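# Coordinates in review
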Amino acid sequence: MDSKSLLTGLLTGIAIGGLSALLTAPAPGNQTRSNVKNFNWRSLNRKAADEGKHALEDWQYAATEGFEAVDGLTQEMKKTYSRYKEEVEPEVEAIQHQVREISDAIAELNEQIRQDD
């Protein structure tokens, strides 16, 4: 990019921005300076601090709720896994045992069929 065109664009933007600020100012310059000078900045700082404090309290509450939700979910998952170990796992083992028995029986039948031929 050409530095001359950048400088020209920057100066044009500053001029247009300054002109629009002068034309749309809500009060004359001396009144605006007086308002800025007499503005109660401490109350603004207090208000910002209060808002920050409330935001921090809200964040802490949300974080606490989130941790409690995760803890509750963890407890439920532990219960579900424990119930699985107690109820489902023995059934799975029994089914696997039956499958082995059936497989052994089929193997014996195949062996008998081969011997009969």
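Here the structure is shown first, and the text comes after it.
Residues numbered from 1 in each chain as written. Predicted model: local features only at pLDDT ≥ 70, side-chain atom pairs only at ≥ 80, totals over all residues. Heavy atoms only, no water.

## Details of the overall build of the chain
The helix and strand tally for the chain stands at three helices and zero strands. Going residue by residue from the N terminus, the α and β elements of the chain occur as α-α-α. Rg of the C-alpha trace for the chain: 40 Å, well past the compact-globule value of 13 Å for 117 residues, more than 25% over. If one aligns the C-alpha atoms of the chain with their principal axes, the spans along those axes are about 115 × 45 × 20 Å. Taking all 117 residues of the chain together, 1% fall into the buried category. By element, 59% of the accessible surface of the chain is carried by carbon and sulfur atoms, the whole surface being about 10800 Å². Positive and negative charge centroids in the chain, built from 13 and 20 side chains respectively, lie 27 Å apart. (Helix = DSSP H or I, 4+ residues; strand = E, 2+ residues; numbered from the N terminus. Rg over C-alpha atoms; globule rule 2.2 N^0.38 Å. Buried < 20%, exposed > 50% of the residue type's maximum accessible area, 1.4 Å probe, protein only. Areas by Shrake-Rupley, 256 points an atom, 1.4 Å probe, with all protein chains shown as cover. Lys, Arg positive; Asp, Glu negative; His and termini not counted. Charge placed at Lys NZ, Arg CZ, Asp CG, Glu CD.)

## Some details on the pattern of salt bridges
When their charged atoms lie close together, side chains carrying opposite charge are able to pair. All told, the structure shown has two salt bridges when counted by the stated rule. Residue Glu76 is joined to Lys79 by a salt bridge in which the shortest nitrogen-to-oxygen separation is 3.8 Å. Here Glu76 and its partner Lys79 are both found in helix 3 (residues 41-116), three residues apart, which amounts to about one turn of the helix. Residues Glu89 and Lys85 are paired through a salt bridge, measuring 3.4 Å at the closest nitrogen-oxygen approach. Placement of both Glu89 and Lys85 in helix 3 is noted, with a separation of four residues, approximately one turn of the helix. (Salt bridge = Lys/Arg side-chain N within 4 Å of Asp/Glu carboxyl O.)

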